[in-house]
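What the coordinates show
Each chain is listed here by its residues.
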Amino acid sequence: MMHYGSEMMVPFGPKAITNLCTSFRRDDTKEGDMIETIAHFKDIQKTDPDFFYKVKYDEEDKVVNIFWVDGSARKAYWEAYHDCISFDTTYMTNMYNMSFAPFIGINRHGQSFMPGWAFVRQELASSFGWVFRAFLEAMDGKPPDNFITDQDGAMRQSIQSIFPSIVHRCCRWHIMKKAQEKVGWLLCRNPGLSDDFNYCVDFSFTIDEFERNWVGLMIKYEAMTHTHFEKLYEYRSTWVPCYFKHRFFPFLQSTQRSEGFNAVLKRYVNPHNSMLNFIKQYEKIQNHILPKEGCNDYRTEHLEIELWSNFPIERQAYETYTRDLYHKFREEFVLIGRYNALLVGADLF
């Protein structure tokens, strides 16, 4: 042991010592927070036996990944709402620098619900693989039919491994945002290119039609060659709408459900708060969503409204859809009557 003899000879300043003590207290607080969080999960299971959670630790017994879902969400997913799930990690990190990764589903009213929540320390294929396996375990081995995420290579690799039978769609918004960054200069030099590109993507109703339109686009704009547009074409089956024409992605071409939910989450959660605080705020969000769904169920099953027309198709929509979805149908149906049909050729209007 060394003796310096005088405080003037100690090789550390007061600020360095204070910072060291603070880091010790922070580590102790974090460790205590995770212990309290796991204890809270066990308390939830006493009143909700179907509550599921799973935690992964590293070699130092620190939490690396964590996943949880309550019993009602598991039941809803299994019985009815496993057809389309959105997954996104772009919202925030918590006090442990762990990325938040919610699973978002859609119920029969077009309302979001959460069949799973996760935190991951690193956005690696191994981390996503662990989360997806935990999700699959929680749902008794039932994968989603359709899955939409951002265009993350590590995530795509894990999805192909854990969910080999599902249809995976990449978020169009993220793809277009990246494309704007890559080829914005080209769009500026060719004023008509943006409109023609959007027409090719949005108004190609079959894969063959898209292929023909794309060839025409490349011929018209030779400058597209050897640019990011070729990358977009290479991955066309993961994001162009016509490739998903016969799949169920209700009102979705992007992870907007996840991002919309993130906006709600910001009102409840401070990312710098403890994990335990986050879990408790999650419970408040779930308790807010369930009564709203019950209210929508009541409106559909017990309240009558006057139809806009006498057409059988509207009556069928009214009897088939929930009230919220019927109103979406009705808005589009009303617009149909505002078109003018003009004869422009033989049997062509």
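How each quantity is defined
- Residues numbered from 1 in each chain as written.
- Predicted model: local features only at pLDDT ≥ 70, side-chain atom pairs only at ≥ 80, totals over all residues.
- Heavy atoms only, no water.
- Pairing = 2+ DSSP bridges.
- Helix = DSSP H or I, 4+ residues; strand = E, 2+ residues; numbered from the N terminus.
- Axes fitted to C-alpha atoms, helices over the stretch in contact; angles between N-to-C directions.
- Contact = heavy atoms within 4.5 Å.
- Phe/Tyr/Trp six-rings, centres within 6.5 Å; stacked < 30°, edge-to-face > 60°.
- Lys NZ or Arg CZ within 6 Å of the ring centre and 35° of its normal.
- Buried < 20%, exposed > 50% of the residue type's maximum accessible area, 1.4 Å probe, protein only.
- Parallel < 35°, antiparallel > 145°, perpendicular 65-115°, else oblique.
- Left-handed = near helix turned anticlockwise from the far one by under 90°.
- Nonpolar A, V, L, I, M, F, W, Y, C, P; charged D, E, K, R; others polar.
- pLDDT = per-residue confidence, 0-100.
- Salt bridge = Lys/Arg side-chain N within 4 Å of Asp/Glu carboxyl O.
- Core = buried A, V, L, I, M, F, W, Y, C linked by side-chain atoms within 4.5 Å.

1. A look at the sheet that holds strand E6 (residues 146-149)
Read across the sheet, seven strands follow the order E1-E2-E5-E4-E3-E6-E7 without closing on themselves; strand pairing throughout is mixed. Each edge of the open sheet carries a strand with a single partner, namely strand E1 (52-57) and strand E7 (167-170). The sheet shows a mean angle of 15 degrees between the axes of neighbouring strands, taken without regard to direction. Pairing between strand E3 (residues 84-87) and strand E4 (residues 99-106): three bridges, direction antiparallel. If you follow Phe 87 over to E4, its bridge partner there is Phe 103. Across the face of the sheet, helix H4 (residues 153-162) comes into contact with E3, E6 and E7 while running at roughly 165 degrees to E6.

2. Quick notes on unusual backbone geometry
Residues other than glycine seldom take positive phi values, yet Asp 140 does so here, at roughly 55 degrees. The topology assignment puts Asp 140 in the loop between helix H3 (125-138) and E6. Of note in this structure, His 226 is not a glycine but carries a positive phi near 60 degrees. Mapped onto the fold, His 226 is located in the loop between helix H7 (207-220) and helix H8 (228-234).

3. Notes on the packing of aromatic side chains
All chains considered together, the criterion is met by 41 aromatic pairs. Here the aromatic rings of Phe 100 and Phe 119 are separated by 5.3 Å at their centres, their planes lie at 45 degrees, and the arrangement is tilted. Highlighted residues: Phe 100 in strand E4 and Phe 119 in strand E5 (residues 112-120), separated in sequence by 19 residues. One aromatic cluster is present, formed by Phe 52, Phe 67, Tyr 77, Phe 87, Phe 103, Phe 128, Phe 132, Phe 135, Phe 147 and Phe 163 through successive ring pairs. Above the ring of Trp 78, the side-chain terminus of Lys 142 is found at 4.9 Å from the ring centroid. The ring of Phe 249 is capped by Arg 169, whose NZ or CZ atom sits 5.0 Å from the centre of that ring.

4. Some details on the pairing of E4
Counting buried residues along E4, eight of its eight residues qualify, which places the element largely inside the surrounding structure. Here E4 shows two buried faces, one formed by Ser 99, Ala 101, Phe 103 and Gly 105 and the other by Phe 100, Pro 102, Ile 104 and Ile 106. In textbook terms, the turn of a hairpin is the stretch between consecutive antiparallel strands, and for E4 and E5 this stretch comprises five residues, one of which, Gly 110, has a positive phi near 80 degrees.

5. What to know about the packing of helix H5 (residues 172-189) against helix H6 (residues 193-202)
Close contact between H5 and H6 brings their axes to 12 Å; oriented N to C, the two are set at 150 degrees. Regarding the angle of H5 to H6, the classification is roughly antiparallel. For H5 against H6, the interelement crossing comes out right-handed. Residues Arg 172, Met 176, Leu 186 and Leu 187 of H5 pack against Leu 193, Ser 194, Phe 197, Asn 198, Val 201 and Asp 202 of H6. Each residue belonging to the contact of H5 with H6 can be placed in one class, and the counts come to six nonpolar, two polar and two charged.

6. Regarding the side chain of His 40
Its place among the elements puts His 40 in helix H1 (residues 14-47). A relative accessible area of 16% means that His 40 is categorised as buried. Residues in contact with His 40, not counting those within four places in the same chain, are Leu 276, Ile 279, Lys 280 and Glu 283.

7. Quick notes on the confidence of the model for the chain
Averaged over the chain, the pLDDT score is 82; the fraction of residues at 70 or greater is 81%. Note that residues 1-10 has pLDDT below 50 and, in this model, two contacts with residues that lie over four places away or in other chains. Across residues 16-29, where pLDDT falls below 50, the model places one contact with residues more than four positions away in sequence or in other chains.

8. Describing the pattern of salt bridges
Close approach of charged atoms allows side chains of opposite charge to pair. Tallied over the full model, the rule gives nine salt bridges. Between Asp 202 and Arg 172 there is a salt bridge; the shortest N-O distance is 2.5 Å. Highlighted residues: Asp 202 in helix H6 and Arg 172 in helix H5, separated in sequence by 30 residues. Judged by its relative accessible area of 32%, Asp 202 falls in the partly exposed class.

9. Brief notes about the pairing of E5
Counting buried positions along E5 yields nine of nine residues, so the element is predominantly enclosed. Note that E4 and E5 share seven bridges and pair antiparallel. Its bridge partner lying in E5, Ser 99 is registered against Val 120.

10. Focus: the nonpolar core
One finds Phe 67, Phe 87, Phe 103, Val 131, Phe 132, Phe 147 and Phe 163 to be the most contacted residues of the largest nonpolar core, which totals 27 residues. Counting residues per element, this core draws most heavily on H3, which supplies eight residues.

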